[in-house]
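Here's the letter readout for the chains.
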Amino acid sequence: MGGAAVALTMMAGVSGASADSLTLYCAADEAWCQQIKTGFEEKTGITVDMTRKSSGETYAQLRAEAGNPKGDVWWGGTGDPHLQAAEEGLTEEYVSPMRGELHDWAISQAEAAGNKTIGVYSGALGFGYNKDLLAKNNLPEPKCWADLTKPEYKGQIQMANPNSSGTAYTMLATMVQLMGEDKGFEYLKALHANINQYTKSGSAPIKAAGLGETTIGIVFMHDAVAQSAAGFPIVTVAPCEGTGYEIGSMSLIKGARNPEAAKQFYDWALTADMQGKAKDVKSFQLPSNKTAAVSELTPDLSTIKLIDYDFKKYGSSDERKRLLSKWDTEVSTLPQ
C-alpha cells in the first residue's frame, strides 16, 4: 500500500472519532490559505477555522497561547520559527505515514526538529523590480545584492521586518551566512538607507512593487513570479552572489484541542494532490511531495546559486533572538 493510500486509510479510520472542527494557523498567501481550508473541508467534512498571519506573528501567537493553546495546526511560513517553536516545546512530535513520498530536504527539516515539524515546500530568496518604474526613473537593472545598496536606489526598496516576517528573517540570516556576521550587518545598514518601508508581511513588498508603490521588493522569488503571472510588470532576480532559501514547514501545536483532526490535516497536506493545487492560486513554491504537479513558472532551484543554509543554527531560539535583537539595535534605529 502506497503512502497516499495509507494516509487515506488512516483518515477514514479516524474520521468517525475525530472532532468535526479544526483551527488552522496559516502562514502562506491568503488565496493559498483559503484554498487549503476549503480543500480539507471538502475532503473530510471537518470545519476549518483558519487564521492567516505571517510566520513570525504565528510563532509569537503560539508562545502567547502556550498555557491554553487555541490552534491545532500551523501550516506554512518559513521553517526557522517552526524550528524555534519545536525547540521551545510549543509543537508536537509526529511521524506521518506520508514521509516516504517527500523530498530529502523535507525530511531533513523534520529530523532537525525531532520530528516536531516537516517541510511542505521550498523557495529561494531574491528580489523583484517593477520594470516600468525602473525605466521611468532611469535606474539601472539590479542583478546582485550589492546593487541594492547603491545611492540611486534610495527610497526605492521595500522589505519586511524580520521580527514579524519569516521572509525577512531568512534575508537577515542569509546575509550573515553569505558575507560573515560583521560584513552582513554592514550590508544591512547600507541597505537600510535605501528602504522606504519595512512591512509586516514578507510578500507585501513585491505586491507594492506590482502596484507601482515601490520599485524593488526583497522577497522569495516565487512571490515575485506570482506578481508577473498576475500581469504586473515585475522582473524576478536571483542575486548574483548567491542566496538563501526557505523550507516552508508544518507543525502540530502542542496541547491542541482537536489532535485527531490535526493529524488528518497533516497527512492530507503532504499528499501530491493537495500540494499540486498550489499553482492554481498562483503559489509557485516547490512542493515537498516528489510526485506533486509543479508549475513551469516555479523557480528551478537547481539553476540558482544557493548557499548551504544552516537551518538548525539559524532556526535555534538563541541565535534567532540574538540576531533579531542585533538588527533592532544596530540597523532599524539608524536614520534613513
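It should be emphasised that the depicted structure is a prediction, and the values quoted were computed from it without experimental measurement.

### As for the overall build of the protein
Working step 1: Looking only at helices and strands, one finds 14 helices and eleven strands in the protein.
Working step 2: For 336 residues, the compact-globule formula gives about 20 Å, and the C-alpha radius of gyration of the protein, at 20 Å, lands near that figure.
Working step 3: Judged by the C-alpha coordinates and their principal axes, the protein covers about 65 × 40 × 30 Å.
Working step 4: A burial count over the protein gives 57% of its 336 residues as buried.
Working step 5: Put simply, 77% of the contacts in the protein that link residues at least 6 apart link residues at least 24 apart.
Working step 6: Total accessible area computed for the protein in this model is approximately 13100 Å², and 50% of it derives from carbon and sulfur atoms.

### Focus on helix 7 (residues 166–179)
Working step 1: End to end, helix 7 covers 20 Å across 14 residues, agreeing with the expected 20 Å (1.5 Å per residue, within 8%).
Working step 2: Across the 14 residues of helix 7, eleven count as buried, placing the element largely inside the fold.
Working step 3: All buried positions along helix 7 are accounted for by Gly-166, Thr-167, Ala-168, Tyr-169, Thr-170, Met-171, Leu-172, Ala-173, Thr-174, Met-175 and Val-176.
Working step 4: Capping the start of helix 7 is the job of one residue whose side-chain oxygen sits 3.1 Å from the backbone nitrogen of Thr-167: Ser-165.
Working step 5: Just beyond helix 7, the residue with positive phi is Gly-180, at close to 90°.

### Some thoughts on unusual backbone geometry
Excluding glycine, a negative phi dihedral is what most residues carry, and trans is how most peptide bonds are arranged.
Working step 1: A positive phi angle is found at Asn-138, which is not glycine, with a value near 55°.
Working step 2: Within the secondary structure layout, Asn-138 lies in the loop between helix 6 (131–136) and strand 6 (157–160).
Working step 3: Its identity is not glycine, yet Lys-282 carries a phi of approximately 60°, on the positive side.
Working step 4: Tracing the backbone through its elements, the reader meets Lys-282 in the loop between helix 12 (272–276) and strand 11 (286–287).

### Digging into the state of the cysteines
Working step 1: Scanning the model with the defined rule gives two disulfides in all.
Working step 2: Paired by a disulfide, Cys-26 and Cys-33 hold their sulfur atoms 2.1 Å apart. Taking the torsion about the sulfur-sulfur bond, which here is approximately -85°, the covalent link between Cys-26 and Cys-33 counts as left-handed.
Working step 3: On the basis of relative accessibility, which here comes to 0%, the residue Cys-26 falls in the buried class.
Working step 4: Across the disulfide, Cys-144 is cross-linked to Cys-240 (sulfur-sulfur distance 2.0 Å). Looking down the S-S bond of the Cys-144 and Cys-240 bridge, the torsion is 120°, so its handedness is right-handed. Here Cys-240 lies in the loop between strand 9 (234–237) and strand 10 (245–253) and Cys-144 lies in the loop between helix 6 and strand 6, a separation of 96 residues in the sequence.
Working step 5: Owing to a relative accessible area of 14%, Cys-144 belongs among the buried residues under this scheme.
Working step 6: Cysteine pairing for the protein, with bonded cysteines counted in sequence order: 1-2, 3-4.

### Here we look at the packing of aromatic side chains
Any aromatic ring pair is given by two values, namely how distant the centres are and how the planes are angled relative to each other.
Working step 1: Enumeration according to the criterion identifies 13 aromatic pairs in this entry.
Working step 2: Arranged with centres 4.9 Å apart and planes meeting at 80°, the rings of Trp-32 and Trp-75 form a pair that is edge-to-face. Highlighted residues: Trp-32 in helix 2 (residues 30–44) and Trp-75 in strand 3 (residues 73–75), separated in sequence by 43 residues.
Working step 3: For the pair Tyr-245 and Tyr-309, a centre-to-centre distance of 6.3 Å together with 65° between the ring planes defines the contact as edge-to-face.

### Description of the side chain of Gln-109
Working step 1: Tracing the backbone through its elements, the reader meets Gln-109 in helix 5 (residues 104–112).
Working step 2: Ignoring any residue separated from it by four or fewer positions in sequence, one finds Gln-109 in contact with Gly-79, Leu-83, Thr-117, Ile-118, Gly-119, Ile-247, Ser-249 and Phe-311.

### Concerning the pattern of salt bridges
Working step 1: What the rule picks out here adds up to 13 salt bridges.
Working step 2: For Lys-207, the salt bridge identified is with Asp-29, shortest N-O distance 2.9 Å. Remark: Asp-29 occurs in the loop between strand 1 (21–26) and helix 2 and Lys-207 occurs in helix 9 (residues 204–210); sequence separation between them is 178 residues.
Working step 3: Glu-330 serves as the salt-bridge partner of Lys-189, at 3.7 Å between the closest nitrogen and oxygen.

### Remarks on the packing of helix 2 against helix 11 (residues 259–268)
Working step 1: It is at 11 Å that the axes of helix 2 and helix 11 come closest, and there the two elements cross at 110°. Here helix 2 is positioned roughly perpendicular relative to helix 11, judged by the angle of their axes. For the element pair helix 2 and helix 11, the recorded crossing hand is right-handed. Facing helix 2, whose interface residues are Ile-36, Gly-39, Phe-40, Lys-43 and Thr-44, helix 11 presents Ala-261, Gln-264, Phe-265 and Trp-268.
Working step 2: Looking at the contact of helix 2 with helix 11, its residues break down into five nonpolar, three polar and one charged.

The rules behind each value
Residues numbered from 1 in each chain as written. Predicted model: local features only at pLDDT ≥ 70, side-chain atom pairs only at ≥ 80, totals over all residues. Heavy atoms only, no water. Helix = DSSP H or I, 4+ residues; strand = E, 2+ residues; numbered from the N terminus. Rg over C-alpha atoms; globule rule 2.2 N^0.38 Å. Buried < 20%, exposed > 50% of the residue type's maximum accessible area, 1.4 Å probe, protein only. Contact = heavy atoms within 4.5 Å. Areas by Shrake-Rupley, 256 points an atom, 1.4 Å probe, with all protein chains shown as cover. Expected span 1.5 Å × (residues − 1). Polar contact = N/O pair within 3.5 Å; in protein donor to acceptor, adjacent residues only side chain to side chain. Disulfide = S-S within 2.5 Å. Phe/Tyr/Trp six-rings, centres within 6.5 Å; stacked < 30°, edge-to-face > 60°. Salt bridge = Lys/Arg side-chain N within 4 Å of Asp/Glu carboxyl O. Axes fitted to C-alpha atoms, helices over the stretch in contact; angles between N-to-C directions. Parallel < 35°, antiparallel > 145°, perpendicular 65-115°, else oblique. Left-handed = near helix turned anticlockwise from the far one by under 90°. Nonpolar A, V, L, I, M, F, W, Y, C, P; charged D, E, K, R; others polar.

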